[in-house]
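Coordinate inspection notes
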Amino acid sequence: MSTLIATFTFTAAFTIPGGFKSDSTDAVKAMLICKTAFDNTDAGMTMLTCKTAFKAFVIADTIAMTSSMTSAVIVFWSMSRRDTESLMDILPFAIGLTWISLIAMTVAFVTGLFVVLQKTL
């Protein structure tokens, strides 16, 4: 389960809601969204960086990715030791991290949708 969450959150991190600034048409869009000037150093940056919901998306996605990867590593590590007591001792911690990553992934999904669709809601 934690590896699936890590896969989803990794994909969400690289398919950023709102897209990236790349050319002059994106510069106009970014100026309308954030009400800031666009210069050449902003190329490749996200268009919705100025939005609070976007920042919440990034934080929630990072928490989900980190906790799910930690959970997967803990389980794989304890399985490699071939000690069932070690696995049973660490399993509740790994399950807790998986729940944290599920909640954070849900928050990331909701904030990602909100930042993109907030004008139509």
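Worth saying up front: this structure is predicted, and the values here are computed from it rather than measured.

This next bit is on the confidence of the model for the protein chain. Predicted confidence across the protein chain gives a mean pLDDT of 83, with 79% of residues reaching 70 or more. Model confidence for the protein chain, summarised as mean pLDDT per element, is weakest for helix α2 (residues 24-34) at 60 and strongest for helix α3 (residues 52-80) at 92.

Glancing now at the nonpolar core. Counting eight residues, the largest nonpolar core consists of Ile 16, Leu 48, Ala 53, Phe 54, Phe 57, Ala 60, Ala 108 and Val 115. At the level of elements, α3 and α4 (84-117) are the ones that each hand at least two residues to this core. Per-element tally for this core: the top contributor is α3, with four residues. When neighbours within four sequence positions are excluded, Phe 57 is seen to be in contact with Ala 12, Pro 17, Ala 108, Thr 111 and Gly 112.

In this section: the side chain of Ser 67. Inspection of the secondary structure assignment puts Ser 67 in helix α3. Accessibility expressed as a relative area gives 7% for Ser 67, which makes it buried. Ser 67 has contacts with Leu 97, Ile 100 and Ser 101, leaving out every residue within four places of it along the chain.

Mapped onto the fold, Gly 112 is located in helix α4. When the C-alpha positions of Gly 112 and Ala 60 are compared, they lie 9.9 Å apart, and in sequence the two are 52 residues distant. The contacts of Gly 112, once residues within four sequence positions are left out, are Pro 17 and Phe 57.

Where helix α1 (residues 2-14) contacts α4, the two axes come as close as 10 Å, and the packing angle between them is 30 degrees. If you check the angle between α1 and α4, you find them roughly parallel. As for the relative orientation of α1 and α4, their crossing is left-handed in sense. Across the interface between the two elements, Ser 2, Ile 5, Phe 8 and Thr 9 of α1 pack against Thr 98, Ser 101, Leu 102 and Met 105 of α4. Here the residues of the contact of α1 with α4 sort into four nonpolar, four polar and no charged.

What follows deals with α4. Spacing of three or four residues puts side chains on the same side of an α-helix, whose turn is 3.6 residues. Taking 1.5 Å per residue as the helical rise, α4 with its 34 residues ought to reach 50 Å, and the 48 Å between its terminal C-alpha atoms agrees with that figure. Approximately 40 degrees is the largest bend angle found in α4, and it occurs at Ile 90, with the proline Pro 92 only one to four residues beyond. Within the sequence span of α4, burial applies to Ser 86, Leu 87, Ala 94, Leu 97, Thr 98, Ser 101, Ala 104, Ala 108, Thr 111, Gly 112 and Val 115. On its buried face, α4 is in contact with α1 and α3.

Before going further, it helps to examine the packing of α1 against α3. Put simply, α1 and α3 touch, their axes get as near as 8 Å, and they point 150 degrees apart. In this view, α1 runs roughly antiparallel relative to α3, as classed from their interaxial angle. As α1 runs across α3, the sense of the crossing is left-handed. Contacts between α1 and α3 involve Ser 2, Thr 3, Ile 5, Ala 6, Thr 9, Phe 10, Ala 12 and Ala 13 from the former and Phe 57, Asp 61, Ala 64, Met 65, Ser 68, Met 69, Ser 71, Ala 72 and Phe 76 from the latter. Residues that form the contact of α1 with α3 fall into these classes: 11 nonpolar, five polar and one charged.

So, how was this worked out
- Note that residues are indexed from 1 along each chain, following the sequence as it is written.
- In keeping with the predicted nature of the model, local features appear solely for residues at pLDDT of at least 70, side-chain atom pairs appear and are counted solely at 80 or more, and the whole-chain, interface and lining totals rest on all residues.
- Computation of side-chain values: all heavy atoms of the structure, hydrogens and water removed.
- Confidence of the predictor at the level of single residues is given by pLDDT, which spans 0 to 100.
- Only DSSP runs of H or I covering at least 4 residues are called helices, and only runs of E covering at least 2 are called strands; the numbering of each starts at the N terminus.
- What we call a nonpolar core is a set of buried Ala, Val, Leu, Ile, Met, Phe, Trp, Tyr and Cys residues that are connected through their side-chain atoms within 4.5 Å.
- Burial classes follow relative accessibility: with a 1.4 Å probe on protein chains only, a residue under 20% of its type's maximum area counts as buried, one over 50% as exposed, and anything between as partly exposed.
- Any pair of residues with heavy atoms lying within 4.5 Å of one another is described as a contacting pair.
- Axis definition: a line fit to C-alpha positions, over the contact stretch in the case of helices; interaxial angles, taken between N-to-C directions, run 0 to 180 degrees.
- Convention used here: angles under 35 degrees read as roughly parallel, angles over 145 as roughly antiparallel, angles from 65 to 115 as roughly perpendicular, and any remaining angle as oblique.
- Each crossing gets its hand from how the near helix is turned against the far one by less than a right angle, where anticlockwise is left-handed and clockwise is right-handed.
- Basically, the charged four are Asp, Glu, Lys and Arg, the nonpolar ten are Ala, Val, Leu, Ile, Met, Phe, Trp, Tyr, Cys and Pro, and anything else, Gly included, counts as polar.
- Helix span, expected: 1.5 Å multiplied by one less than the number of residues in the helix.
- The bend at a residue is defined as the angle formed between two axes, one fitted to the seven residues ending at that residue and one fitted to the seven starting there.

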